[in-house]
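Descriptive analysis of the structure
Given next are the chains, with one letter for each unit.
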Amino acid sequence: MPPNMPRRVRAGETLSGLWSIVASSTVVEIAAGAGFDFQILDLEHGPWSFESLEHAVRACELGGCSAIVRLPDLTPSTFQRVLDLGCHGLIVPQVRSAADAERVVQYARYGPRGSRGYNPFTRSSRYGLRPEGEAGEPVDEALLGVIIENAEAYADLDRICSIDGIDLVYLGVYDMSMALGCDGNVTDPKVIAFVEDATARIKTFGKAVGVMARSPADIDRALALGARFIVCGVDSNVISAACRQLVGHVTSRVSNFPQRP
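Residues numbered from 1 in each chain as written. Predicted model: local features only at pLDDT ≥ 70, side-chain atom pairs only at ≥ 80, totals over all residues. Heavy atoms only, no water.

**Points about the sheet that holds strand E7 (residues 208-212)**
The eight strands lie next to each other as E1-E2-E3-E4-E5-E6-E7-E8, forming a closed barrel whose pairing is parallel. Neighbour-to-neighbour, the strand axes of the sheet open up by a mean angle of 25°, direction not taken into account. Here strand E2 (residues 38-42) pairs with strand E3 (residues 66-70) via five bridges, running parallel. What sits directly across from Leu-41, in E3, is Val-69. Here helix H5 (residues 98-108) sits on the sheet and contacts strand E4 (89-92) and strand E5 (143-148); the angle it forms with E5, its principal contact strand, is near 155°. (Pairing = 2+ DSSP bridges. Helix = DSSP H or I, 4+ residues; strand = E, 2+ residues; numbered from the N terminus. Axes fitted to C-alpha atoms, helices over the stretch in contact; angles between N-to-C directions. Contact = heavy atoms within 4.5 Å.)

**Some remarks on unusual backbone geometry**
The peptide bond linking Gly-111 to Pro-112 adopts the cis configuration, its omega dihedral lying at 10°. Looking at the element boundaries, Pro-112 is found in the loop between H5 and E5. Of note in the backbone geometry, Gln-94 takes a positive phi value of approximately 60° without being a glycine. Phi at Asp-183 is positive, roughly 55°, even though this residue is not glycine.

**With respect to the layout of surface pockets**
Looking at the largest pocket, its volume works out to about 480 Å³. Along the walls of the largest pocket sit 17 residues, with Val-186, Ile-192, Met-212, Asp-218 and Arg-221 positioned nearest its centre. If you list the elements that add at least two residues to the lining of the largest pocket, you get helix H8 (173-179), helix H9 (189-204), E7 and helix H10 (216-225). Residues that form the lining of the largest pocket fall into these classes: 12 nonpolar, one polar and four charged. (1 Å grid on protein atoms, 1.4 Å probe; cavity = no way out; pocket = protein on both sides within 12 Å on 5 of 7 lines; lining within 4 Å. Points joined across faces, edges and corners; volume = space filled by probe spheres on them. Nonpolar A, V, L, I, M, F, W, Y, C, P; charged D, E, K, R; others polar.)

**Side note on helix H3 (residues 50-62)**
Taking 1.5 Å per residue, 13 residues should reach 18 Å; H3 reaches 18 Å between its end C-alpha atoms and fits that length. Restricting attention to buried positions, one finds in H3 the residues Ser-52, Leu-53, Ala-56, Val-57, Ala-59, Cys-60 and Glu-61. In this structure, the buried residues of H3 make contact with helix H2 (25-34), E2, E3 and helix H4 (76-84). Once H3 ends, the next one or two residues include Gly-64, with phi positive near 75°. (Expected span 1.5 Å × (residues − 1). Buried < 20%, exposed > 50% of the residue type's maximum accessible area, 1.4 Å probe, protein only.)

**Brief notes about the packing of aromatic side chains**
Inspection of the entire model under this criterion finds five aromatic pairs. Ring centres 5.5 Å apart and planes at 50° place the aromatic pair Trp-19 and Tyr-170 in the tilted group. Note that Trp-19 is positioned in strand E1 (residues 15-20) and Tyr-170 in strand E6 (residues 168-171), a separation of 151 residues in sequence. When the centroid spacing of 5.4 Å and the interplanar angle of 85° are considered together, the rings of Tyr-110 and Tyr-118 count as edge-to-face. Given a relative accessible area of 10%, Tyr-110 falls into the buried group. Looking at Arg-81, its charged tip hangs above the ring of Phe-50, at a distance of 3.8 Å from the centre. (Phe/Tyr/Trp six-rings, centres within 6.5 Å; stacked < 30°, edge-to-face > 60°. Lys NZ or Arg CZ within 6 Å of the ring centre and 35° of its normal.)

**So, H2**
Of all the positions in H2, only Val-28, Ala-31 and Ala-32 are classed as buried. Each buried residue of H2 sits inside an arc of 105° when the element is viewed along its axis, so together they form one side. Exposed side chains of H2 directed beyond 90 degrees from the buried face belong to Ile-30, Gly-33 and Ala-34. One side-chain oxygen of the residue at the start of H2 lies 3.3 Å from the amide nitrogen of Thr-26, identifying that residue as Ser-24. Two residues or fewer past H2, Gly-35 is found with a positive phi of approximately 115°. (Arc of directions from axis to C-beta. Polar contact = N/O pair within 3.5 Å; in protein donor to acceptor, adjacent residues only side chain to side chain.)

**As for the environment of Gly-165**
If you trace the backbone, Gly-165 turns up in the loop between helix H7 (157-161) and E6. On a C-alpha basis, the gap between Gly-165 and Ala-108 in space is 9.6 Å, while along the polypeptide they are 57 residues apart. Residues within four places of Gly-165 in sequence aside, it is in contact with Val-105, Arg-109, Leu-144 and Lys-207.

**Structural notes on the packing of H2 against H3**
The N-to-C vectors of H2 and H3 enclose an angle of 20°; their axes lie 8 Å apart at closest approach. Judged on the interaxial angle alone, H3 and H2 are roughly parallel. For the pair H2 and H3, the sense of crossing is right-handed. Counting all contacts with H2, which are made through Ser-25, Val-28, Glu-29 and Ala-32, the residues of H3 involved are His-55, Ala-56, Ala-59, Cys-60 and Leu-62. The residue inventory of the contact of H2 with H3, partitioned by class, reads six nonpolar, two polar and one charged. (Parallel < 35°, antiparallel > 145°, perpendicular 65-115°, else oblique. Left-handed = near helix turned anticlockwise from the far one by under 90°.)

Next comes the structure, spelled out in structure tokens:
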């Protein structure tokens with residue numbers, strides 16, 4: 001079992017991970033073995049089913065990596081099913097207000113703080129083998145994150161950050177670039193200004209800041225700003241880039257090798 005991810009985030013550790021949209025527990029296991037602290041299993045954009053997600057959570061744990069699930073929506077039953085699989089945390093998209101952030105906490109926590117149902121016979125509760133009176137994974141400590149990726153959430157950022165129970169605020173620069181009229185250009189000055197301003201404000205509330213940083217230079221900039229939850233890339237892109245590089249190596253050598261007449 002990997003070290004407790006929520007405690008590490010709350011303690012201010014710097015953690016690195018991979019975004020996963022390839023619905024393969026084998027790919028997840030390979031990435032976990034590489035040494036990432038976490039993987040974000042994306043139910044919004046990735047073709048994961050709940051069955052394949054369960055295998056991916058196990059694959060993460062096998063490699064000593066924490067499974068964080070990006071939910072597809074703010075539906076209570078989705079929170080319930082994903083947390084019952086025993087993942088270490090959630091990242092929730094399409095949050096637009098402090099009221100939405102409060103719903104995240106409400107749906108993810110047991111009573112009296114929240115409304116999550118308790119079933120002691122799920123994977124998160126060790127299929128009924130957890131000692132009686134000891135609810136959860138302790139899933140009531142699951143990492144809870146929200147994504148700031150639209151103009152409404154950005155406008156309500158301070159109130160969102162004030163919600164007790166939200167551990168992580170992740171800056172969704174790709175969607176935000178569209179909201180800001182930058183058409184996917186995450187290096188546009190308006191997107192950079194958003195990241196710098198949001199990071200500074202989030203830190204004042206004691207929340208962890210999450211960002212995508214796909215190059216050494218990006219990582220250095222993120223760390224300098226104070227981000228401590230660093231997503232180093234997306235599995236589909238990492239695989240495709242590696243394949244292109246291999247093809248390039250072969251092609252360059254074949255073209256330079258004398259061909260027989």
